[in-house]
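Below, each chain spelled out in residue letters.
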Amino acid sequence: MNLKPIKTKKDYQQALDRLEVIFDAKKGTKEGDELEILGILIDQYENEHFPIDLPDPIEAIKFRMEQMGYTQTDLAKVVGLKSRASEILSGKRKLSLEMIRQLHDKLNIPTDVLIQAY
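All of these numbers come straight from a predicted model, not from anything done at the bench.

S.K.: Teacher, can you tell me more about the overall build of the protein here?
M.R.: When helices and strands are counted, the protein shows seven helices and zero strands. Ordered by position from N to C terminus, the α and β elements of the protein give α-α-α-α-α-α-α. Computed over C-alpha atoms, the radius of gyration of the protein comes to 21 Å, more than 25% over the 13 Å expected from 2.2 N^0.38 for 118 residues, which places it beyond the range of a compact globule. Principal axes of the C-alpha set define a box for the protein whose edges measure 60 × 30 × 20 Å. Relative to its 118 residues, the protein shows a buried fraction of 28%. Total accessible area on the protein stands at roughly 8,300 Å², and carbon and sulfur atoms take up 52% of it. The distance from the centre of the 18 positive side-chain charges to the centre of the 20 negative ones in the protein is 6 Å.

Written as structure tokens, this is what we have:
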């Protein structure tokens, strides 16, 4: 096991190549330990060099509604009124703190997604 920090694109590619070789290593073995550490190093490099922005709050609501098979009527039950649900989905109404709480509780959307400016 010759692990080192991933600092360059070349290091990153070598780490990915090695990860592919040892991907099915058993936990508790020498290769299993290498796999775990290599995964942490790759994750750290990717978070630093390929950050992923949070989704737009309204798009997150629409996506979650689709996943759950919710209609606008179902969303209205969460936020109070059908007209309010329509205004939220069209971007005409901003989310209140109470709506954010309800959306988080009922649709399980992370609050850090919902509180973003849009």
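S.K.: Looking at this structure, I do not really get helix α5 (residues 82-90). What am I missing?
M.R.: An α-helical segment advances 3.6 residues per turn. Residues three or four places apart therefore align on the same side. All buried positions along α5 are accounted for by A85, I88 and L89. The arc that holds every buried residue of α5, seen down its axis, measures 95 degrees, which confines them to one face. Contacts from the buried residues of α5 go to α3 (57-68), α4 (72-79) and α6 (97-107). Note on α5: the residue one or two positions beyond its end, G91, has a positive phi of about 85 degrees.

S.K.: It is not clear to me how the packing of aromatic side chains should be interpreted in this structure. Could you clarify?
M.R.: How two aromatic rings sit relative to each other is set out by the distance from centre to centre and by the angle between their planes. For the structure on display, the rule yields three aromatic pairs. Measuring from ring centre to ring centre gives 5.7 Å for Y12 and F50, while their planes differ by 50 degrees; the resulting arrangement is tilted. You can see Y12 sitting in helix α1 (residues 9-22) and its partner F50 sitting in the loop between α2 (30-49) and α3, a full 38 residues away along the chain. On the accessibility criterion, Y12 (14% relative accessible area) is buried. F50 gets classed as partly exposed once you look at its relative accessible area, which sits at 45%. Measuring from ring centre to ring centre gives 6.2 Å for Y45 and F50, while their planes differ by 70 degrees; the resulting arrangement is edge-to-face.

S.K.: I tried to follow unusual backbone geometry on my own but got confused; where do I start?
M.R.: For residues that are not glycine, phi is negative in most cases, and the peptide bond is trans in most cases. Its identity as a non-glycine residue notwithstanding, N108 has a phi of 60 degrees, on the positive side. One can find N108 in the loop between α6 and α7 (111-114). Since its relative accessible area comes to 56%, N108 is described here as exposed.

S.K.: Would you explain the nonpolar core in this entry?
M.R.: Nonpolar side chains tend to gather and get buried jointly when the protein is soluble and globular. The biggest cluster of nonpolar side chains holds 19 residues, and the ones touching the most others in it are I61, L75, V79, L95 and L103. Membership of the second largest hydrophobic core comes to 10 residues, among which are A15, I22, L35 and L41.

S.K.: Which parts of the structure should I look at to understand the pattern of salt bridges?
M.R.: Applying the stated criterion across every chain yields a total of six salt bridges. Between R18 and E31 there is a salt bridge; the shortest N-O distance is 3.7 Å. Remark: E31 occurs in helix α2 and R18 occurs in helix α1; sequence separation between them is 13 residues. Residue R18 is classed as partly exposed on the basis of its relative accessible area, which comes to 30%. For the salt bridge of R101 with E98, the shortest nitrogen-to-oxygen distance reads 3.6 Å. Here R101 pairs with E98, and both are found in helix α6, just three residues apart, close to one helical turn. Since its relative accessible area comes to 44%, R101 is described here as partly exposed.

So, how was this worked out
- Residues numbered from 1 in each chain as written.
- Predicted model: local features only at pLDDT ≥ 70, side-chain atom pairs only at ≥ 80, totals over all residues.
- Heavy atoms only, no water.
- Helix = DSSP H or I, 4+ residues; strand = E, 2+ residues; numbered from the N terminus.
- Rg over C-alpha atoms; globule rule 2.2 N^0.38 Å.
- Buried < 20%, exposed > 50% of the residue type's maximum accessible area, 1.4 Å probe, protein only.
- Areas by Shrake-Rupley, 256 points an atom, 1.4 Å probe, with all protein chains shown as cover.
- Lys, Arg positive; Asp, Glu negative; His and termini not counted.
- Charge placed at Lys NZ, Arg CZ, Asp CG, Glu CD.
- Arc of directions from axis to C-beta.
- Contact = heavy atoms within 4.5 Å.
- Phe/Tyr/Trp six-rings, centres within 6.5 Å; stacked < 30°, edge-to-face > 60°.
- Core = buried A, V, L, I, M, F, W, Y, C linked by side-chain atoms within 4.5 Å.
- Salt bridge = Lys/Arg side-chain N within 4 Å of Asp/Glu carboxyl O.

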